[in-house]
Amino acid sequence: MREINKDENKFYAGENPENPLAEIHWVPTGEDQIILDHTFVSEELRGEGMGEALVERVVDYAREEDKKVIVTCPFAKAQIQKHEDFQDVLAEDQ
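Colleague: Just checking my understanding: could you explain helix 2 (residues 74-82) for this structure?
Modeller: Among the residues making up helix 2, those that are buried are A76, Q79 and I80. Here the buried residues of helix 2 occupy an arc of 95° about the axis, which is enough to place them on one side. Turned more than 90 degrees away from the buried face of helix 2, the exposed residues are P74, Q81 and K82. Packing partners of the buried residues in helix 2 comprise strand 4 (33-41), helix 1 (50-64) and strand 5 (68-71).

Here is the structure:
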């Protein structure tokens, strides 16, 4: 598994945050929420669990920063629904 790095409003894998091998992106909204809007995993990393690792990392980030998550990305939404232990970070209207 590759290292997951942090950049502004995203976590990513790879050397270059502008051209990552994988990333999960969010948009801050209000003081205490983020909108999780995009997940990407390159062909090179598919099948390695990188997408799930990125979702887990953003869930950890939300907990650390005391933020709730609104999920519009279909992949991230499916991962959070699949993992009951991730659901504590969901905004109430999710």
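So much for the structure itself; the text now carries on.
Colleague: I would appreciate a short explanation of the pairing of strand 5 in the present structure.
Modeller: The side chains of a regular strand alternate between the sheet's two faces. Bridge count for strand 4 against strand 5 is four bridges, and the pairing is parallel. Across the sheet, the residue bridging to Q33 is K68, located in strand 5. Remark: the strand 4/helix 1/strand 5 crossover connection has right-handed handedness.

Colleague: When you look at the sheet that holds strand 4 in this model, what are you seeing that I'm missing?
Modeller: Sheet strands line up and pair through hydrogen bonds in the backbone, either parallel or antiparallel. Read from one edge of the open sheet, five strands run 1-2-3-4-5, paired in mixed fashion. The sheet is open, and its two edges are formed by strand 1 (5-7) and strand 5, each paired on a single side. For this sheet the average axis-to-axis angle between neighbouring strands, irrespective of direction, equals 30°. The sheet contact formed by strand 2 (residues 10-13) and strand 3 (residues 22-29) spans four bridges and is antiparallel. The residue of strand 3 that forms the bridge with K10 is H25. Here helix 1 sits on the sheet and contacts strand 1, strand 2, strand 3, strand 4 and strand 5; the angle it forms with strand 3, its principal contact strand, is near 30°.

About the cut-offs
Residues numbered from 1 in each chain as written. Predicted model: local features only at pLDDT ≥ 70, side-chain atom pairs only at ≥ 80, totals over all residues. Heavy atoms only, no water. Buried < 20%, exposed > 50% of the residue type's maximum accessible area, 1.4 Å probe, protein only. Helix = DSSP H or I, 4+ residues; strand = E, 2+ residues; numbered from the N terminus. Arc of directions from axis to C-beta. Contact = heavy atoms within 4.5 Å. Pairing = 2+ DSSP bridges. Right-handed = clockwise from strand over helix to strand, strands pointing away. Axes fitted to C-alpha atoms, helices over the stretch in contact; angles between N-to-C directions.

That is the geometry; function is a separate question.
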